[in-house]
Amino acid sequence: MNLAELQRIYEQPFFTLIQQARAVYVEHWKTDQIQLCTLLSIKTGGCSEDCGYCSQSARNGGKLPLTPLMEKCAVLEKAKEAVDNGSTRFCMGAAWKGVRDGEAKFEHVLDIIRDVAKLGIEVCVTLGNLTATEARKLKEAGVTSYNHNLDTSPEFYPKIVTSHTYQDRLNTIQAVREAGMALCCGGIIGMGETETDRLKLLEVLTNLDPLPESAPINCLVPMPGTPMADLPPVDIFELVRLIATTRIALPKAKVRLSAGRSTLTREAQALALFAGANSIFYGDRLLTSDNPGVDQDRELLDDLNLVPQVPHQSMAVS
Ligand code: SAM
Ligand code: DTB
Ligand code: SF4
């Protein structure tokens, strides 16, 4: 889709937009089911990159405790907990610019992935930049999906990150695709970008071939120590408009209501889920910030008569 088409969708009267998004959602998905994903930061902080939103950048003078790459048994314990809690996707994140074949840390991650994959849960990782070799090895180890966000428009990106480029992100996305992994690719809103920047991100996403299987929409979590610590929260109707537009533009993608739910009301989350979001991160923590508690989320899902998505048949637990 091009920007003008996306703008036409986005700028419709609010209720027309969410009605249209709901119709697309009903056509493509079981709307009583929502995918629960568990996130784990397997290596936290000390990152060389200067992403303005991120608490894990060594250049953002936060007080984040650095945590080295976790041991496999500790990760497996968390992954088993995730399966027991009803999550069907386990996403491991690392504060790295990227990984390179031959490095000990990459071998260690591959070893972790091989064992997590045996648990019968979708395995997603987000490790930064990759080339074709690393992508192939991740796929062979059992990664089902690679998360690599473009985060915003090509024009706004250099205003939030200078240590790597939009093209670097696109190159990794291409390596992920060539290796045959599913792609999880979305963005963050509330970083000072315009609504047009958000639609330009969607323009890029809708022109990827193949389309991303999953599109996380994160609301900025303003982390202390980052240049974005004092930015105001995003307007809820702008968030819902974007989710609805994403649902229409990417009908078959999992649209993930990702970071920032802790500051959304239950009603706001209900509206976002109605407008087409069909996945949330489940568990008390995201990577370095808080997420609503499990009990709170259970209650919300019960009140909305939503049930966790059942595992895919090919994901038999062994
Ligand atoms: N280092 C890898 C990378 O940059 O792709 C993986 C980890 S990075 C933390 C993964 C994603 O988390 C970012 O692309 C961004 O979309 C999201 N993220 C990080 N900090 C955030 C924040 N404060 N608020 C919302 N989303 C955030
Ligand atoms: C994504 O799009 N959101 C997740 C996941 N992919 C890796 C990360 C959210 C991070 C929120 C800020 C934090 O906890 O540090
Ligand atoms: Fe590093 Fe990723 Fe955070 Fe950027 S978003 S500072 S690459 S961990």
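Here, every reference points to the structure presented above.
Small disclaimer: the values here were computed from a predicted structure and weren't measured.

> Just to check I follow, could you spell out the site of ligand 3 for this structure?
Taken together, Cys47, Glu49, Cys51, Tyr53, Cys54, Ser57, Ala95 and Trp96 form the complete shell of residues around ligand 3. Residue composition of the shell around ligand 3, by class: 6 nonpolar, 1 polar and 1 charged.

> What's the story with the pairing of strand S8 (residues 254-257) in this structure? I'm lost.
The side chains of a regular strand alternate between the sheet's two faces. Because side chains alternate across S8, one face comprises the buried residues Lys254 and Arg256, and the other comprises Val255 and Leu257, equally buried. With helix H9 (residues 236-249) bridging strand S7 (residues 214-219) and the parallel S8, this β-α-β connection has right-handed handedness. Bridging between S8 and strand S9 (residues 279-281) involves 2 bridges; their strand directions are parallel. By the bridge assignment, Leu257 is partnered in S9 with Ile280. You can see the chain leave S8, run along helix H10 (residues 266-274) and come back into S9, and the turn it takes is right-handed.

> I'm lost on the nonpolar core in this one. Help?
General note: in soluble globular proteins, nonpolar side chains tend to be found buried as a group. Met92, Val116 and Leu138 are the most contacted members of the largest nonpolar core, which has 88 residues in total. Considering each element in turn, this core owes the most residues, 7 residues, to H9. With sequence-adjacent residues up to four places away left out, Leu138 is seen in contact with Phe106, Leu110, Ile113, Leu127, Leu130, Val143, Tyr146 and Met181.

> Looking at this structure, I do not really get the site of ligand 2. What am I missing?
Every one of the 13 residues lining ligand 2 counts as a neighbour, but Asn149, Asn218, Leu287, Thr288 and Ser289 are closest to it. Here Asn147 contributes a side-chain N or O atom positioned 3.1 Å from a nitrogen atom of ligand 2. At 2.8 Å, a side-chain N or O of Ser289 approaches an oxygen atom of ligand 2. When isolated, ligand 2 has an accessible area of 410 Å², and the protein chains bury 89% of it. Looking at the shell around ligand 2 residue by residue, the class counts come to 6 nonpolar, 7 polar and no charged.

About the thresholds
- Each chain has its residues counted from 1, following the order in which its sequence is written.
- All chains are assigned letters beginning with A, and all ligands numbers beginning with 1, in the order in which they are written.
- Side-chain atom pairs in this predicted model are given and counted only at pLDDT of 80 or more, local residue features only at pLDDT of at least 70, and totals for whole chains, interfaces and linings cover all residues.
- Side-chain numbers come from the whole structure's heavy atoms, not from hydrogens or water.
- In these notes, residues near a molecule or strand are those with any non-hydrogen atom within 4 Å of it.
- As a working rule, the residues Ala, Val, Leu, Ile, Met, Phe, Trp, Tyr, Cys and Pro are called nonpolar, Asp, Glu, Lys and Arg charged, and the rest polar, with Gly in that last group.
- Each residue's exposure class comes from its accessible area (1.4 Å probe, protein chains only) as a fraction of the maximum for that residue type: buried when under 20%, exposed when over 50%, partly exposed otherwise.
- By definition, any uninterrupted DSSP run of H or I lasting at least four residues is a helix, any uninterrupted run of E lasting at least two residues is a strand, and each is numbered from the N terminus.
- Handedness rule for crossovers: strands pointing away from the viewer, path from the first strand over the helix to the second running clockwise, crossover right-handed.
- Only when DSSP finds a minimum of two bridges between them are two strands counted as paired.
- Residues belong to one nonpolar core when they are buried, are Ala, Val, Leu, Ile, Met, Phe, Trp, Tyr or Cys, and are joined through side-chain atoms within 4.5 Å.
- Note on contacts: a residue pair qualifies if any of its non-hydrogen atoms lie within 4.5 Å across the two residues.
- Whenever a nitrogen or oxygen atom comes within 3.5 Å of another N or O atom, the pair is scored as a polar contact, on the condition that within protein one atom can donate a hydrogen and the other can accept it, and that pairs from neighbouring residues in sequence are kept only if both atoms are in side chains.
- The accessible surface values rely on the Shrake-Rupley method and a 1.4 Å probe; as for residues, cover is taken only from the protein chains in view.

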